[in-house]
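# Observations on the three-dimensional arrangement
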Number of protein chains: 2
Amino acid sequence: MAFGHIYNFSIGRFIMDIIPQHGGDIYRFAKACGCEVSEVIDLSSNINVIQPNITIDFNTLDIAPYPNYEQLEEAIANRYAIEPTMLELFNGATSAIYSLFRSLKTRAVTLYAPLYGEYSKASKLYGYNIHLINRFEPIDQEVKEGSLVIFVNPSTPDGQYHNIDRLMQAWIKKSCTILVDESFLDFTPYPSATPYLKTYDKLYILKSMTKFYSAAGMRIGALISNTTNIQQIKAQEPLWKISQFDSHYLQAALRDPLFAKTTQSITQANRAFLIQTLEQCPYVAKVYPSTANYLLVKLQGITAPTLQQHLIPHKIMIRNCANFDFLDEQFVRIAVKEITLLKKLEHALCEISI
Amino acid sequence: MAFGHIYNFSIGRFIMDIIPQHGGDIYRFAKACGCEVSEVIDLSSNINVIQPNITIDFNTLDIAPYPNYEQLEEAIANRYAIEPTMLELFNGATSAIYSLFRSLKTRAVTLYAPLYGEYSKASKLYGYNIHLINRFEPIDQEVKEGSLVIFVNPSTPDGQYHNIDRLMQAWIKKSCTILVDESFLDFTPYPSATPYLKTYDKLYILKSMTKFYSAAGMRIGALISNTTNIQQIKAQEPLWKISQFDSHYLQAALRDPLFAKTTQSITQANRAFLIQTLEQCPYVAKVYPSTANYLLVKLQGITAPTLQQHLIPHKIMIRNCANFDFLDEQFVRIAVKEITLLKKLEHALCEISI
């Protein structure tokens, strides 16, 4: 049988080997399973299942000249109702995080956790003293004066949207530098923190373009702040870093007039289906409230690695949340994808007997 | 007439406005000239005029999943006869320069100048004490013990290839960290410094993929060193930064079996034509020896901005070299392009009368 060889490994070792901590490495998963990459049902990464209507021919793009990002920056600025001088593009949100952490003067950071693992990595890399606040407990703890505050809204890995008005007041009172990571906000109908840019000068807002625009292979993220802050960041960045292919893909995606609304309504419908599926599963203790395209699930009677192993014959990848702060092997994250794929998950879950 | 409005500006101001210091900004040039971008004859940037035979359909690429760079890294490693663990990819050579300057411990740098302007910028940004050595004078000056040495081979803006064996011995004797920038080496038949990686552990080699592979819109550069150095650099870099489009473009380009040889022979032939053209021009005092796809020209009886202005009605952009160390407004750099375009330059030069 196709998956025979993998049972020679112990569960822990095998899962560690084929499912990397960040999720989404379908190449390694497919290789280990002996199947085609296209056969993998990837519920481990949070890429939008809806794809924008791209009406350009990439084969005819002239990529010889040095790129110019004016049109792309204007399109993004227009999308988020800011000026083009208020953003700097990066090769994905992670590149932006690294650059910001590097450039700031403070070396104290408050992470509202659990959150995207690269924040801890950047904190350690640049010598930040980390203060963790558990988002699943009352979050109105005091933050350190002048520290960098990281708040992901909606959060990962659970997808909860927080009204951060009260928190903002507390952070501002402490003169904190604030990064609100809104990489998944476009999946929701909720408002951005951008209006605060008018009244507070130590605020940064991060937008990942890879998740919402359904293209993790397109490396674009945008860091938004006031013009002065962005000028300071630009001075430390190379003139050219974004691919012309990626730039044209994103410009075309931004021109799709129905994309945002369609994504929001389909995500909502499919999420409801997935919640129902999971709540009927005897191994699910709790599904956390989510406004995004993924769900955090607390398991019972099974651990995350064991569940992952049971899903391998079905070629389904899910995310073990054990490496998130305040979570352990009782937690998995499952992406909201097409109903047909979610039905395959439903079928696979029904087959599990321990 | 189409270019009428531009003569309202003074020459200096106008040239500064439309021809940025780095060259290659055809968008701004076309806009100021009121012509289409496709009409501009760009002899200011050093992009290969030969394009690789790309046999993939970019419209059918699945860019939704997170990228995996294994195949690309293997193809590049294979091209340069190194192991895949001996390279880190960046979004162009400039990104690699910034990362390397940031990560090194020394804060003294020896720049063999004139050279690519981003080296000075990176040196200043990261607080390096700069020691310049003029390549147009005897270059066997002593370098500072333990400093970072930057040597571009073949050089910019002149294109001379140096046999660096003696220099390497001197640098190694001083325990320098060495960066040999071989961004234009593939245009020549000359050997790389990669064999030194086996015997000296503080050596880095930089390869820009944008110039040779004729795609400045494809943002890929490779920093090559021993596996230990590369591991240390990787630890400070995001997991994903290269576009999947770019990755596939470069993999396809690397598969073209005739591309390197064709480029070398056509570059050599067209360069000979351009040299002949320039040597017949009364405004040319000297054409510097070059092994690359560009020529450094010393002018007489005309300055670089004036020459640039005379070429505007012909929609021809060339590079003013005044912002290179040890050069001034008597120097321009002209790219080796198609013979038809070089003939247009020849025609334009013949029309100049001052």
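Treat the numbers as computed from the prediction; the structure is a model and nothing was measured.

### Some points on the overall build of chain A
A count of helices and strands for chain A gives 12 helices and 13 strands. Since a compact globule built from 354 residues should have a radius of gyration of about 20 Å, the 21 Å found for chain A is in line with a globular shape. In terms of overall dimensions, chain A has C-alpha extents of about 60 × 55 × 35 Å along its principal axes. Put simply, chain A has 354 residues, and 60% of those count as buried. Within chain A, residue pairs in contact and separated by at least 24 positions form 69% of the contacts whose partners lie at least 6 positions apart. As displayed, chain A offers around 14,300 Å² of accessible surface, 51% of which is attributable to carbon and sulfur atoms. Computed over 32 positive and 33 negative side-chain charges, the inter-centroid distance for chain A is 4 Å.

### Regarding the packing of aromatic side chains
Counted according to the given criterion, the structure contains 39 aromatic pairs over all chains. Each ring, one from F245 of chain A and one from F245 of chain B, has its centre 5.3 Å from the other, and the planes form 20 degrees; the classification is stacked. Here F245 of chain A, found in helix α9 (residues 244-255), pairs with F245 of chain B, found in helix α9 (residues 244-255), and the two come from separate chains. Judged by relative accessible area, F245 of chain A falls into the buried class, the value being 2%. A connected cluster of aromatic rings, assembled from ring pairs, spans F58, F245 and Y249 of chain A together with F58, F245 and Y249 of chain B.

### Remarks on the domain arrangement of chain A
Residue and element names in this part refer to chain A. We note that the domain assignment places domain 1 (3-51 + 259-351) and domain 2 (58-254) within chain A. For domain 1 and domain 2, the distance between their C-alpha centres works out to 26 Å. Residue-level contacts link 25 residues of domain 1 with 31 residues of domain 2. When residues of domain 1 are sorted by the area they lose upon contact with domain 2, T291, Y294 and F326 head the list and together hold 28% of the total. Linking domain 1 to domain 2 there are 9 residue pairs in polar contact (both at pLDDT 80 or more). Going through the elements one at a time, α10 (259-279) and β10 (294-299) are the ones with two or more residues in the side of domain 1 that touches domain 2. With 5 residues, α10 is the single largest residue contributor to the side of domain 1 that touches domain 2. Counted by class, the side of domain 1 that touches domain 2 contains 14 nonpolar, 9 polar and 2 charged residues.

### Let's talk about the pattern of salt bridges
Summed over the entire model, instances satisfying the criterion amount to 18 salt bridges over all chains. Close ionic contact of E88 of chain A with K234 of chain A constitutes a salt bridge, the shortest N to O distance being 2.7 Å. Taken together, the residues E88 of chain A in strand β2 (residues 87-90) and K234 of chain A in helix α8 (residues 227-234) connect sequence positions 146 residues apart. Between K207 of chain B and E182 of chain B there is a salt bridge; the shortest N-O distance is 2.7 Å. With a gap of 25 residues between them, K207 of chain B in strand β7 (residues 203-208) and E182 of chain B in the loop between β6 (177-181) and β7 connect regions that are remote in the sequence. Each member of the pair, K207 of chain B as well as E182 of chain B, carries the same accessibility label: buried. Here the salt bridges do not stand alone but share partners, grouping E73, E88, K234, E237 and K241 of chain A into one network.

### Let's talk about the interface of chain B and chain A
Across the boundary between the two partners, chain B contributes 50 residues, which contact 50 residues of chain A. Contact with chain A buries area across many residues of chain B, yet Y27, Y66 and W240 of chain B alone supply 16% of it, more than any other trio. At the surface where chain B touches chain A, the tally comes to 18 residue pairs in polar contact (both at pLDDT 80 or more).

### So, the sheet that holds strand β12 (residues 319-320) of chain A
All names here are of chain A. Across the sheet, 4 strands lie side by side as β9-β10-β13-β12; this open sheet has antiparallel pairing. For this open sheet the edge positions go to β9 (284-287) and β12, each flanked by a neighbour on one side alone. Sheet analysis places β12 next to strand β13 (residues 331-335), joined by 2 bridges and oriented antiparallel. Paired with R319 across the two strands is R333, which belongs to β13. Contacts from α10 reach β9, β10 and β13, with the element oriented near 10 degrees to β10.

### Some thoughts on the relation of the copies chain B and chain A
Expressed as a screw operation, the relation of chain B to chain A combines 0.0 Å of axial shift with a rotation of 180 degrees, fitting to an RMSD of 0.0 Å. Those values place the two copies in the arrangement expected of a two-fold rotation axis. Taking C-alpha positions as the reference, the residue of chain B nearest the rotation axis is F58 of chain B, at 2.8 Å. By residue overlap, the copies meet face to face through one surface: 100% of the interface positions of chain B are interface positions in chain A.

Definitions and cut-offs
- Residues numbered from 1 in each chain as written.
- Chains lettered and ligands numbered in written order.
- Predicted model: local features only at pLDDT ≥ 70, side-chain atom pairs only at ≥ 80, totals over all residues.
- Heavy atoms only, no water.
- Helix = DSSP H or I, 4+ residues; strand = E, 2+ residues; numbered from the N terminus.
- Rg over C-alpha atoms; globule rule 2.2 N^0.38 Å.
- Buried < 20%, exposed > 50% of the residue type's maximum accessible area, 1.4 Å probe, protein only.
- Contact = heavy atoms within 4.5 Å.
- Areas by Shrake-Rupley, 256 points an atom, 1.4 Å probe, with all protein chains shown as cover.
- Lys, Arg positive; Asp, Glu negative; His and termini not counted.
- Charge placed at Lys NZ, Arg CZ, Asp CG, Glu CD.
- Phe/Tyr/Trp six-rings, centres within 6.5 Å; stacked < 30°, edge-to-face > 60°.
- Domains from an automatic or database assignment.
- Buried area = accessible area lost by both parts, 1.4 Å probe.
- Polar contact = N/O pair within 3.5 Å; in protein donor to acceptor, adjacent residues only side chain to side chain.
- Nonpolar A, V, L, I, M, F, W, Y, C, P; charged D, E, K, R; others polar.
- Salt bridge = Lys/Arg side-chain N within 4 Å of Asp/Glu carboxyl O.
- Pairing = 2+ DSSP bridges.
- Axes fitted to C-alpha atoms, helices over the stretch in contact; angles between N-to-C directions.
- Least-squares fit on C-alpha atoms with pLDDT ≥ 70 in both.

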